[in-house]
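# Report on the structure
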Amino acid sequence: MEQTCKISVIVPCYYSEKTIAKAVHLAREELLRLGYDYEFVLVNDGSTDGTFAQIQDLCAEDPKVKGVDFSRNFGQHSALMAALHYVTGDYVLSMDDDLQTHPSQFGKLLDTIRNGGYDVVYGWYPQKHHNWFRNLGSRFEGWTMQVLTGRPKGLHTSSFWVAKAFVCRHAIEYMGPYPHMSGLLMRITKNVGNVELQHFDREVGQSGYNLKSLIRLWSTSTNFSVLPLRFSLVCGALFGAAGLISALVVIVRKLMDPTVMTGWSSLMVVILLAAGINLICLGLVGEYVGRMFMIANKQPQYVVRTQCNVGAAAKHKEEEK
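Residues numbered from 1 in each chain as written. Predicted model: local features only at pLDDT ≥ 70, side-chain atom pairs only at ≥ 80, totals over all residues. Heavy atoms only, no water.

## Quick look at the packing of helix α1 (residues 20–34) against helix α2 (residues 51–61)
Counted only if it meets this: With axes taken as lines fitted to C-alpha atoms, and helix axes fitted only over the stretch in contact, angles between N-to-C directions fall between 0 and 180 degrees. Labels follow the DSSP assignment, with helices taken as runs of H or I lasting at least four residues and strands as runs of E lasting at least two, numbered in each case from the N terminus. Contacts are residue-level and defined by heavy atoms, with any inter-residue pair within 4.5 Å sufficient. Under the scheme applied, nonpolar residues are Ala, Val, Leu, Ile, Met, Phe, Trp, Tyr, Cys and Pro; charged residues are Asp, Glu, Lys and Arg; polar residues are all the others, including Gly.
Interhelical geometry of α1 versus α2 gives an angle of 35° and a closest axis separation of 9 Å. Residues I20, A21, V24, H25 and R28 of α1 lie in contact with α2, whose contacting residues are Q54, L58 and E61. Looking at the contact of α1 with α2 residue by residue, the class counts come to four nonpolar, two polar and two charged.

See the structure below:
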């Protein structure tokens with residue numbers, strides 16, 4: 001008799017005390033309906049409400065639910081990285097805690113990865129139920145990752161994805177702070193597909209992403225490419241050449257017509273523009289140097305305060321990390 005395929009569902013939880021229980025119950029029902037074995041890894045990313053209490057109740061109700069509690073907020077991608085250390089399934093499925101990534105769509109994701117020959121499959125939405133600000137940030141972050149990681153044009157990424165177990169085993173080899181899950185998965189395999197899914201309304205509250213968190217998420221994309229440094233070099237060369245040409249033009253015009261007046265305002269514009277470009281380039285270099293400093297000082301991806309329903313082997317592996 002063929003062994004039942006096991007799906008590990010990982011969920012980063014942030015102030016989701018009102019939704020996480022419903023999300024897990026619906027997801028479990030759907031996986032059982034589809035004929036899969038299952039486990040859940042729920043990571044509380046520093047929520048100070050009753051989120052982890054809800055996770056503990058779910059762990060007490062079902063031994064196949066594992067709970068992890070961070071000591072503080074480390075970010076969604078760090079929570080995903082932590083969850084990957086506890087999975088034991090044949091496939092790993094990532095979903096959000098707010099039911100916008102709805103369990104009713106599991107079948108399409110799992111059918112596509114099992115029958116389509118992909119290593120990773122992302123759900124994508126023709127129409128998202130986010131506000132315009134969040135959608136704009138997502139598009140910019142997606143474009144950045146396409147440029148920096150060589151992601152195929154037309155491939156859409158999201159927080160709703162499923163991957164084969166070997167991909168996730170290699171992803172957790174990354175030990176540095178500020179991980180970016182899409183960047184890590186793309187670094188491991190280019191055999192990535194899409195499936196069109198329905199995007200649902202958020203059950204309760206509003207998104208936890210604000211401008212600061214979106215910028216922090218975008219900045220993690222620099223972990224996977226030196227292209228921004230090369231861009232700063234090209235900018236420096238272009239503006240240096242433009243400055244040289246402008247100087248030659250001014251000299252030639254002055255020689256041809258000594259009455260030509262050189263403008264103070266135009267000079268200040270050039271100085272300010274050049275200074276701005278220099279500061280941008282220095283900032284990019286500083287970002288890379290700063291991340292190297294954090295790695296050298298062993299800044300953690302995350303710190304686990306406590307765990308539920310985690311076996312001794314998984315605990316030992318986490319302590320070694």
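## As for α2
Applied cut-off: Relative accessible area decides the class of each residue, using a 1.4 Å probe on protein chains only: under 20% of the type maximum gives buried, over 50% gives exposed, and in between gives partly exposed. Directions are taken from the helix axis to each C-beta atom, and the arc is the one they span.
When α2 is considered as a whole, its buried residues turn out to be T51, F52, I55, L58 and C59. Here the buried residues of α2 occupy an arc of 110° about the axis, which is enough to place them on one side. Looking at the packing, one finds that the buried side of α2 touches β1 (6–13), α1, β2 (37–44), β3 (65–70) and β8 (304–308).

## Some remarks on the environment of D96
For clarity, the cut-off: We call two N or O atoms a polar contact when they sit within 3.5 Å, provided that within protein one can donate a hydrogen and the other can accept it, with sequence-adjacent residues counted only if both atoms are side-chain atoms.
Mapped onto the secondary structure, D96 falls in the loop between β4 (91–94) and α4 (106–115). We classify D96 as buried; its relative accessible area is 14%. Residues D96 and F160 lie 64 residues apart in sequence; the distance between their C-alpha atoms is 7.3 Å. Once you skip the residues sitting within four places of it in the chain, D96 turns out to touch V11, Q76, T101 and S159. A polar atom in the side chain of D96 sits 2.8 Å from the side chain of S159.

## Quick look at the nonpolar core
Applicable threshold: For this analysis, a nonpolar core means a set of buried residues of the types Ala, Val, Leu, Ile, Met, Phe, Trp, Tyr and Cys, connected via side-chain atoms within 4.5 Å.
Among the nonpolar cores identified, the biggest contains 35 residues, and I7, L31, F40, L42, L93 and M95 are the most heavily contacted of them. Of all the elements in the fold, those that place two or more residues in this core are β1, α1, β2, α2, β4 and α4. When residues of this core are assigned to their parent elements, the largest contribution, six residues, is made by α1. Aside from chain neighbours lying at most four places away, what touches L93 is I7, S8, V9, I10, F106, L109, L110, F160, W161 and V162.

## A short note on α4
Within α4, the full set of buried residues consists of F106, G107, L109, L110, T112 and I113. Residues of α4 that are buried in the fold lie against β1, α1, β4, β5 (120–124), β6 (161–164) and β7 (192–196). Phi for G117, located one or two positions after α4, is positive at around 75°.

## Some remarks on unusual backbone geometry
The phi dihedral of Y15 falls on the positive side, at around 50°, and the residue is not glycine. For L99, which is not a glycine, the phi torsion comes out positive at approximately 70°. On the secondary structure map, L99 appears in the loop between β4 and α4. Under the relative-accessibility criterion, L99 is labelled buried at 1%.

## Side note on the packing of aromatic side chains
To keep it simple, the criterion reads: Side-chain rings of Phe, Tyr and Trp (the six-membered ring for Trp) are treated as a pair once their centres are within 6.5 Å; stacked means planes under 30 degrees apart, edge-to-face means over 60, and tilted covers the remaining angles. Distance and angle both matter: a charge sits over a ring if NZ of Lys or CZ of Arg is within 6 Å of the ring centre and within 35 degrees of the ring normal.
Counted according to the given criterion, the structure contains five aromatic pairs. With 4.8 Å between their ring centres and 85° between their planes, Y14 and Y15 make a pair best called edge-to-face. On the basis of relative accessible area, Y14 is assigned to the partly exposed category, the value being 35%. Residue class for Y15 comes out partly exposed when judged on its relative accessible area of 40%. Through pairs of rings, three or more aromatic residues link up here, namely F70, F74 and Y302. The positively charged end of K64 is found above the aromatic ring belonging to Y38, 4.9 Å away from the centroid.

## Observations regarding the sheet that holds β4
Sheet strands pair via backbone hydrogen bonds, and the direction of the pair is either parallel or antiparallel. Applicable threshold: Pairing between two strands requires that DSSP report at least two bridges joining them.
Taking strand neighbours across the sheet as the criterion, the eight strands line up as β7-β5-β6-β4-β1-β2-β3-β8 in an open arrangement whose pairing is mixed. Looking at the sheet topology across the chains shown, the edges are occupied by β7 and β8. Taken pair by pair, the neighbouring strands of this sheet meet at an average axis angle of 20°, ignoring direction. In terms of strand pairing, β2 meets β3 through five bridges, oriented parallel. The partner of N44 across the bridge, within β3, is D69. Running at roughly 155° to β3, α2 makes contact with β1, β2, β3 and β8 of the sheet. On top of the sheet, helix α3 (residues 76–84) reaches β1, β2, β3 and β4; it is set at about 145° to β1, its chief contact.

Purely spatial values, then, with no claim about function.
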